[in-house]
Each structure stands twice: as structure tokens, then as C-alpha cells.
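What follows is each chain in one-letter form.
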Amino acid sequence: MVEELDGVELIDYGRDAGVARRIVYFVVAVIPAVLPLGLYVQVLEMDVLKSQVVLAVSVVAAAVMLSLAYHNITFVRTVKLQKLFDMPAKSMYRNKPDEWKQACLTQDTAVRSSALMYSFAYNNAVYLLAVVFFSFYAFRGKFADEIVFASSSAVASGLALINSRSARKSIYA
């Protein structure tokens, strides 16, 4: 939302995520983090009971890194979209300040939800494609299936996180 301090607009693009937003990111990130586990169980017939701890830790670690990547890409996309679209002109709402605030809020909500959905789709695509590549091409046959799953999940989620951090740094350049 836009705040004014001595005539200067201070725009909060969501640089720091609150606790509720971090929890939502984590819950959403658990779904793509578990999908490769289903692939390993169904296709490769991996025994889940044999290595529950390793699999659980790798799913949680991947979900944490994906949730951080979600926030970074959401922030970057929100900044880019906010710069692309101007706020509604106050002159259009001359004697109706409440309607102007509502129009600004509606636009801000649309930009934030668009950025969030883009972030989810982009990071999930990067993660899942990288997991498939590392699982079936780079690490396949070199280690036990549990280790291949854990390492491919860690590398893929780390790749998504590094990619999101480099996108975030590009804003400040």
C-alpha cells in the first residue's frame, strides 16, 4: 500500500514477509516437495519405511528453500508490476477520496496476487524440472535411491533459491 511522508510516497512492496505469509509459502511448498517422493515410490518402487528420516528431512528442507524462493520471486515480480502500472489518478476521483483509496487497494491486490501466482508457477517449474533432471540423469545409479532423492531435492530447491536471489539482486542494480 502507499503511504505518504512529507509528500513523498513510501511504497511497501513486501520486502519482508510476515509470519503468516511465510507459513502460507511453506504449506504451498510442501506439495511440490512431496511430488518427487511419489514418483520415486510409484516408478522406482523405493521403500519409504526403510529411510523415513532422510526422506522427511529432505522434503522439509526442500519446502523451506522453495518457500524462500517463493517470497523472493513474489517480491521481484511485485516491484516490476508496480512500476509498470501507475496508481489511479486522484483527479479522476475529485471529491471521492474513499473511492480513490479503494481503486488503489484493488490494483495493489491484483498486482500482489498476480505476482504470487507467477512465483508459485515459476519456482515449481524450476524445482520439478531440476528434480527430474538430477534424479534420472545426473545422479541415477550412482547412489541408493534414498540418497539420490535427498540430493536431487536439495540441489533442485537450492537452484530455485539461488535463481530467486539473483533475480532479487537484479532489482537493486
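Throughout what follows, the structure given in this document is the object of discussion. Here the structure is a predicted model, which is why all the values come from computation and not from measurement. Within each chain, residue numbers correspond to sequence positions counted from 1 in written order. Residues qualify for local features only when their pLDDT is at least 70, as the model is predicted, and side-chain atom pairs are given and counted only at 80 or more; totals for whole chains, interfaces and linings, by contrast, use all residues. Hydrogens and waters are ignored; side-chain quantities use all the structure's heavy atoms.

Observations concerning the packing of helix α1 (residues 19–42) against helix α3 (residues 97–138)
Part 1 of the argument: Each axis is a line fitted through C-alpha atoms, taken for helices only over the stretch in contact, and angles between the N-to-C directions span 0 to 180 degrees. Strands here are runs of E lasting at least two residues and helices are runs of H or I lasting at least four, both read from the DSSP assignment and numbered beginning at the N terminus. Where α1 contacts α3, the two axes come as close as 11 Å, and the packing angle between them is 30°. As judged from the angle between their axes, α1 and α3 are roughly parallel. Between α1 and α3 lies a crossing of right-handed hand. Judged by residue contacts, Arg21, Tyr25, Val28, Pro32, Ala33, Leu35, Pro36, Leu39 and Tyr40 of α1 engage Arg112, Leu116, Phe120, Asn124, Tyr127, Leu128, Val131, Ser135 and Phe136 from α3.
Part 2 of the argument: Side-chain classes follow a simple rule in which Ala, Val, Leu, Ile, Met, Phe, Trp, Tyr, Cys and Pro form the nonpolar group, Asp, Glu, Lys and Arg form the charged group, and the remainder, Gly included, forms the polar group. Grouping the constituent residues of the contact of α1 with α3 by class yields 14 nonpolar, 2 polar and 2 charged. Throughout, the term roughly parallel applies to angles under 35 degrees, roughly antiparallel to angles over 145, roughly perpendicular to angles from 65 to 115, and oblique to all others. Handedness of a helix crossing follows the sense of rotation of the near helix relative to the far helix, less than a right angle counterclockwise being left-handed and clockwise being right-handed. Any two residues whose heavy atoms approach within 4.5 Å at even a single point are treated as in contact.

Some thoughts on unusual backbone geometry
Part 1 of the argument: Non-glycine residue Glu45 carries a positive phi angle of around 55°.
Part 2 of the argument: Tracing the backbone shows Glu45 in the loop between α1 and α2 (52–84).

Quick look at the pattern of salt bridges
Part 1 of the argument: The working definition used for a salt bridge is a side-chain nitrogen of Lys or Arg within 4 Å of a carboxyl oxygen of Asp or Glu. Here the structure, examined in full by the defined rule, presents 3 salt bridges.
Part 2 of the argument: With a shortest N-O distance of 3.9 Å, Lys50 and Glu146 are connected by a salt bridge. Note that Lys50 is positioned in the loop between α1 and α2 and Glu146 in helix α4 (residues 145–172), a separation of 96 residues in sequence.
Part 3 of the argument: Residue classification places Lys50 among the exposed positions, given a relative accessible area of 61%.
Part 4 of the argument: Three exposure classes are used, based on accessible area relative to the maximum for each residue type with a 1.4 Å probe and protein chains only: buried under 20%, partly exposed in between, and exposed over 50%. Since its relative accessible area comes to 10%, Glu146 is described here as buried.
Part 5 of the argument: Two residues, Asp145 and Arg140, come together in a salt bridge whose shortest N-O distance is 2.8 Å.

All quantities given are derived from atomic positions and should not be read as evidence of function.
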